[in-house]
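Inside the fold
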Amino acid sequence: MNRAMTSRTLFAVAPAPVWRLLWLWVPMLGAIALVIATTLQSPQRTPHELGLTLPFVLLVSGVLTWAFFRRRISIEDGELAVLSTFYRRRVPLASLALDKARIVDLAEHRQFKPGMKTNGYAMPGFQSGHYRMGGHKAFCLITDASRVLYLPLRDGNVLLLSPESPRALLDALNAHATR
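In what follows, the accompanying structure is described. (Residues numbered from 1 in each chain as written. Predicted model: local features only at pLDDT ≥ 70, side-chain atom pairs only at ≥ 80, totals over all residues. Heavy atoms only, no water.)

**Looking at the overall build of the protein chain**
Assigned secondary structure in the protein chain consists of three helices and 10 strands. In the protein chain, the succession of α and β elements from N to C terminus is β-α-α-β-β-β-β-β-β-β-β-β-α. The C-alpha radius of gyration of the protein chain comes to 20 Å, more than 25% above the 16 Å expected for a compact globule of 179 residues. Projected onto the principal axes, the alpha-carbon positions of the protein chain cover approximately 70 × 50 × 25 Å. The burial tally for the protein chain puts 41% of its 179 residues in the buried class. Sequence-distant contacts in the protein chain: of pairs separated by 6 or more residues, those separated by 24 or more amount to 54%. Only carbon and sulfur atoms are counted for the fraction: they give 60% of the accessible area of the protein chain, which is about 10300 Å². Averaging the locations of the 21 positively and 11 negatively charged side chains of the protein chain gives two centres separated by 4 Å. (Helix = DSSP H or I, 4+ residues; strand = E, 2+ residues; numbered from the N terminus. Rg over C-alpha atoms; globule rule 2.2 N^0.38 Å. Buried < 20%, exposed > 50% of the residue type's maximum accessible area, 1.4 Å probe, protein only. Contact = heavy atoms within 4.5 Å. Areas by Shrake-Rupley, 256 points an atom, 1.4 Å probe, with all protein chains shown as cover. Lys, Arg positive; Asp, Glu negative; His and termini not counted. Charge placed at Lys NZ, Arg CZ, Asp CG, Glu CD.)

**Observations regarding the packing of aromatic side chains**
Considering all chains together, one arrives at six aromatic pairs under this definition. Each ring, one from Phe68 and one from Phe69, has its centre 5.1 Å from the other, and the planes form 90°; the classification is edge-to-face. Accessibility expressed as a relative area gives 0% for Phe68, which makes it buried. Here Phe86 and Tyr121 contribute two aromatic rings whose centre-to-centre distance is 6.1 Å and whose plane-to-plane angle is 40°, an arrangement assigned as tilted. On the criterion of sequence distance, the pair formed by Phe86 in the loop between β3 (79-84) and β4 (87-92) and Tyr121 in strand β6 (residues 117-123) is long-range, its members being 35 residues apart. (Phe/Tyr/Trp six-rings, centres within 6.5 Å; stacked < 30°, edge-to-face > 60°.)

**Remarks on the side chain of Thr143**
Along the chain, Thr143 falls in the loop between β8 (136-142) and β9 (148-152). You can call Thr143 buried: its relative accessible area is 2%. The contact partners of Thr143, leaving out residues within four places of it in the chain, are Val13, Ala14, Pro15, Ala16, Arg20, Arg71, Gly125, Phe126 and Ser162.

**Concerning the pairing of β3**
The buried fraction of β3 is high, at five of six residues. Looking at chain direction, strand β2 (residues 71-76) and β3 are connected through six bridges and run antiparallel. From the neighbouring strand, Arg72 faces β3, where its bridge partner is Leu83. Where β3 folds back onto β4 in an antiparallel hairpin, the turn is made up of two residues, including Thr85, whose phi is positive at roughly 50°. (Pairing = 2+ DSSP bridges.)

**A short note on the environment of Phe68**
Inspection of the secondary structure assignment puts Phe68 in helix α2 (residues 47-68). Sequence separation of Phe68 and Met123 is 55 residues, and the distance between their C-alpha atoms is 10.0 Å. Ignoring any residue separated from it by four or fewer positions in sequence, one finds Phe68 in contact with Ala16, Pro17, Arg20, Leu21, Thr85, Tyr121, Met123 and Phe126.

Structural data, given as structure tokens:
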């Protein structure tokens, strides 16, 4: 069985500081401490309940930690492919309105900042998934709000991405569009 060779160009995602995981782990450790304290103080609770609850909380924390590090931006087979935590978006390059694309600092240009999260994974300084932006849908992979590539689509929706080098990704998209 022969597979056609697919061309893939990967673009590094701007790193998100690992300390941001404290926004996940501090509440989870608090929940673990609360479960242990209530189990030890309550005569109705058994150690068996503790043996079921703690592994579950640790498993959820581990999956959320794994998802935090799962992110990739690539151009493959005429599409921009974005993988971000639990979410994936593939957009044909022809549907990008590259003439309106910009590299923005979200602190300065608040109109490009994602609004309400509709289905996403977020913590301060990190946004992944589906958001609303004005009257449009936005798919986000934001790890560094100071350099975000704003990519509008022809249907009015938006991609907000944090590649390590936004200019290199935008130049590559423009180069593919002219072919």
